[in-house]
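# Examining the three-dimensional arrangement
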Amino acid sequence: MNKREFIKHMAGASVGLATLGFSAVSLGANTPQNTSTAKPQNTAEQRRKDRFPNMTLLTHEGKEVRFYDDLVKDKAVFINFMYARCGDICPGMTANLKRLENEFGGRVGRDIFMYSITLEPEHDTLAMLKAYAENFDVGPGWKFLTGTKADIELLRRRLGFYYSDPERDRNKTEHIGVVKYGIEPLERWGTCPALANPKAMAQYFYWMEPNGARPVHEVEKVS
C-alpha cells in the first residue's frame, strides 16, 4: 500500500469510527502514551441520573424529599398520578394498587416502593393526601406526593405521562390510568394499566428482577 492509499484508507476508517461514536482522536486517547485521567462523559451513573428530575416534593406525612435522590435512586418503584377530586376513577385505581401492595407482602417499604403523585397540588393539601392514604390503609413504603404546580407538571412530562395532542393532554383523567414501574439501578422500566390484575402486575415486575421468570398471566383488568 503506497502513502496515498494509506491516507485514503485511514480517512475512511475515521468516518466509520465517527459513525459509531468514536474518532481517530478518541482512539489516540486510549494509547499507552496518553496519560489523561479524564472520566467518560456518559457513564451509566450519569445516564441514570439524567433520566429523572430531582425536584423537592412533600410526602403526605409532610417530609421533604428529592425525587431522584431520595425516592428513585437504587430502588424498585411503582409510580402513578392521581388527584383527590377525580371521582370513582382514582379510588378504584388506588384500591387496586392496594391489592398490589398486599401481593408483594412485606417487600413494599423494604425493597419495593410505591408513589402516588397528585395532579392537583393547588387543591390537594397535605391533610387531604394524608386522609386519602389513611383511607386506603397504605403501608410505610407507599407515599402520596405533592409539590409546586410547575414541578408536578415537569415531573409528569419527564415520566412520560403526556400526549402530543394538547387538547387531550389538558384532560387530567388521561394521565391517571397507567402505572410506571421499574428497577432503577438495572435501568429496567415498563408501564401497565392501573386496573390490571395485581397478580399479573407483580409477575411482570418479577420478570424484571435478576433471573426473573417470564409472566404466565395476561394483564387483564380487575372486574
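Residues numbered from 1 in each chain as written. Predicted model: local features only at pLDDT ≥ 70, side-chain atom pairs only at ≥ 80, totals over all residues. Heavy atoms only, no water.

The subject of this paragraph is the environment of alanine 150. Relative to the helices and strands, alanine 150 is located in helix H7 (residues 149-158). Given a relative accessible area of 58%, alanine 150 falls into the exposed group. Along the sequence, alanine 150 and proline 121 sit 29 residues apart, while their C-alpha atoms lie 9.6 Å from each other. (Helix = DSSP H or I, 4+ residues; strand = E, 2+ residues; numbered from the N terminus. Buried < 20%, exposed > 50% of the residue type's maximum accessible area, 1.4 Å probe, protein only.)

What follows covers the environment of arginine 110. Position of arginine 110 among the secondary structure elements: in the loop between helix H5 (89-104) and strand S4 (112-118). Taking the C-alpha atoms as reference points, arginine 110 and lysine 75, separated by 35 residues in sequence, lie 9.7 Å from one another. Side-chain polar atoms of arginine 110 contact the backbone oxygen of glycine 106, separated by 3.1 Å. (Polar contact = N/O pair within 3.5 Å; in protein donor to acceptor, adjacent residues only side chain to side chain.)

Our next topic: the pairing of strand S5 (residues 142-146). Of all five residues in S5, five are buried; the element is thus mostly enclosed. With burial as the criterion, each face of S5 is covered, one bearing Trp142, Phe144 and Thr146 and the other bearing Lys143 and Leu145. As paired elements, strand S1 (residues 56-59) and S5 share two bridges and run antiparallel to each other. What sits directly across from leucine 58, in S5, is threonine 146. Two strands pair when backbone bridges link them, and S4 and S5 are joined in this way by four bridges, in the parallel orientation. Across the sheet, isoleucine 117 pairs through a bridge with leucine 145, a residue of S5. (Pairing = 2+ DSSP bridges.)

Function cannot be read off these values alone, since they describe shape.
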